[in-house]
Amino acid sequence: MEKLFSLAVVTHRYMEAGMAARGLSRARATVLWNLNERGPMTQRALADAIGVSPRNVTGLVDALEADGFVARGRHPDDRRATLVALTDKGTATMGGLRGEYDQGAARLFDGIPASDLEGFVATVDHLLVRLDQENC
């Protein structure tokens with residue numbers, strides 16, 4: 001467990017530094033990551049995707065919109081709904097984060113045999129299921 005906690009702390013610190021360099025908190029980066037991976041979505045869908053209340057996501061989107069990362073627009077099928085989408089700045093920011101993510105993974109796992117990586121991934125998947133069952 002000590003090694004697992006140490007890995008979590010170091011990984012968290014590494015990720016926080018990359019986000020902070022772009023003026024992002026973890027919550028804001030999570031919104032951007034979801035929009036980048038899934039495309040434009042309603043605030044309700046976004047709240048569900050990141051596991052926060054609609055009120056909380058409104059605050060996050062307000063801040064991201066004020067900083068130029070996202071924009072709200074009309075929903076093509078539901079005039080009562082708005083879609084949140086990445087702006088050019090948001091897309092560029094996510095491209096940078098995604099690039100760092102991929103490069104960091106390549107550096108971290110370089111030289112580790114594929115069979116070891118497969119075992120590591122299987123172990124982490126198992127732990128995630130167990131932790132989810134614990135309602136942590």
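Residues numbered from 1 in each chain as written. Predicted model: local features only at pLDDT ≥ 70, side-chain atom pairs only at ≥ 80, totals over all residues. Heavy atoms only, no water.

S.K.: Got a minute to help me understand the layout of surface pockets in this structure?
M.R.: The gaps of empty space that remain are located by a probe, the size of a water molecule, rolled over the atoms. Quantified by volume, the largest pocket comes out at close to 970 Å³. Thr11, Tyr14, Met15, Tyr101 and Leu108 are the residues nearest the centre of the largest pocket, which is lined by 25 residues in total. Secondary structure elements with two or more residues in the lining of the largest pocket: α1 (2-20), α2 (26-38), α5 (88-109) and α6 (114-133). Split by residue class, the lining of the largest pocket holds 18 nonpolar, four polar and three charged. (1 Å grid on protein atoms, 1.4 Å probe; cavity = no way out; pocket = protein on both sides within 12 Å on 5 of 7 lines; lining within 4 Å. Points joined across faces, edges and corners; volume = space filled by probe spheres on them. Helix = DSSP H or I, 4+ residues; strand = E, 2+ residues; numbered from the N terminus. Nonpolar A, V, L, I, M, F, W, Y, C, P; charged D, E, K, R; others polar.)

S.K.: Is there a simple way to explain helix α4 (residues 54-66) in this structure?
M.R.: Since the α-helix turns once every 3.6 residues, residues separated by three or four places project in the same direction. If you check α4, its first and last C-alpha atoms are 18 Å apart, about what 13 residues at 1.5 Å a residue would give, namely 18 Å. Within α4, burial applies to Val57, Leu60, Val61, Ala63 and Leu64. Axial view of α4: buried residues confined to an arc of 160 degrees, hence all on one face. Along α4, the residues that are exposed and aim more than 90 degrees away from the buried face are Arg55 and Ala66. On its buried side, α4 packs onto α2, α3 (43-50), β2 (70-74) and β3 (82-86). Glycine 68 occupies a position one or two residues after α4 and carries a positive phi of about 85 degrees. (Expected span 1.5 Å × (residues − 1). Buried < 20%, exposed > 50% of the residue type's maximum accessible area, 1.4 Å probe, protein only. Arc of directions from axis to C-beta. Contact = heavy atoms within 4.5 Å.)

S.K.: Help me out: how do you make sense of the environment of leucine 35 in this one?
M.R.: Along the chain, leucine 35 turns up in helix α2. Take leucine 35: its relative accessible area is 4%, and that puts it in the buried class. For the pair leucine 35 and threonine 11, spaced 24 residues apart in the sequence, the C-alpha separation amounts to 23 Å.

S.K.: Explanation requested: the nonpolar core in the structure shown.
M.R.: Inside soluble globular proteins, nonpolar side chains tend to come together where they are buried. By size, the foremost hydrophobic cluster in this structure holds 19 residues, and its most contacted members are Leu24, Val31, Leu32, Leu35, Leu46, Leu64 and Val70. Sorting the residues of this core by element identifies α2, α3, α4 and α5 as the ones contributing at least two each. Residues within four places of valine 31 in sequence aside, it is in contact with Leu46, Ile50, Leu60 and Leu64. (Core = buried A, V, L, I, M, F, W, Y, C linked by side-chain atoms within 4.5 Å.)

S.K.: Help me out: how do you make sense of the packing of α2 against α4 in this one?
M.R.: Pairs of packed helices are described in terms of their axes, by the angle between the two and the distance that separates them. Between α2 and α4, the shortest axis-to-axis distance is 10 Å and the interhelical angle comes to 85 degrees. Of the possible angle classes, the one that applies to α2 and α4 is roughly perpendicular. For the pair α2 and α4, contact is made by Ala27, Arg28, Val31 and Leu32 and by Leu60, Ala63 and Leu64, respectively. A per-class count over the contact of α2 with α4 returns six nonpolar, no polar and one charged. (Axes fitted to C-alpha atoms, helices over the stretch in contact; angles between N-to-C directions. Parallel < 35°, antiparallel > 145°, perpendicular 65-115°, else oblique.)

S.K.: What is the right way to read the side chain of threonine 93 from this model?
M.R.: In this fold, threonine 93 is placed in helix α5. What threonine 93 contacts, discounting residues up to four positions off in sequence, is Arg22, Leu24 and Phe69.

S.K.: Whenever I open this one, the pattern of salt bridges confuses me. Can you help?
M.R.: Pairs can form between side chains of opposite charge whenever their charged atoms are close. A complete count under the given rule lists eight salt bridges for this structure. The salt bridge partner of glutamate 16 is arginine 26, with a shortest N-O separation of 3.5 Å. Linking glutamate 16 in helix α1 with arginine 26 in helix α2, this pair joins segments that are ten residues apart in sequence. The partly exposed category is assigned to arginine 26, whose relative accessible area is 34%. A salt bridge links arginine 72 to glutamate 65; its shortest N-O distance comes to 2.5 Å. The partly exposed category is assigned to glutamate 65, whose relative accessible area is 32%. When salt bridges that share partners are traced, they join Glu37, Arg98 and Asp102 into one network. (Salt bridge = Lys/Arg side-chain N within 4 Å of Asp/Glu carboxyl O.)

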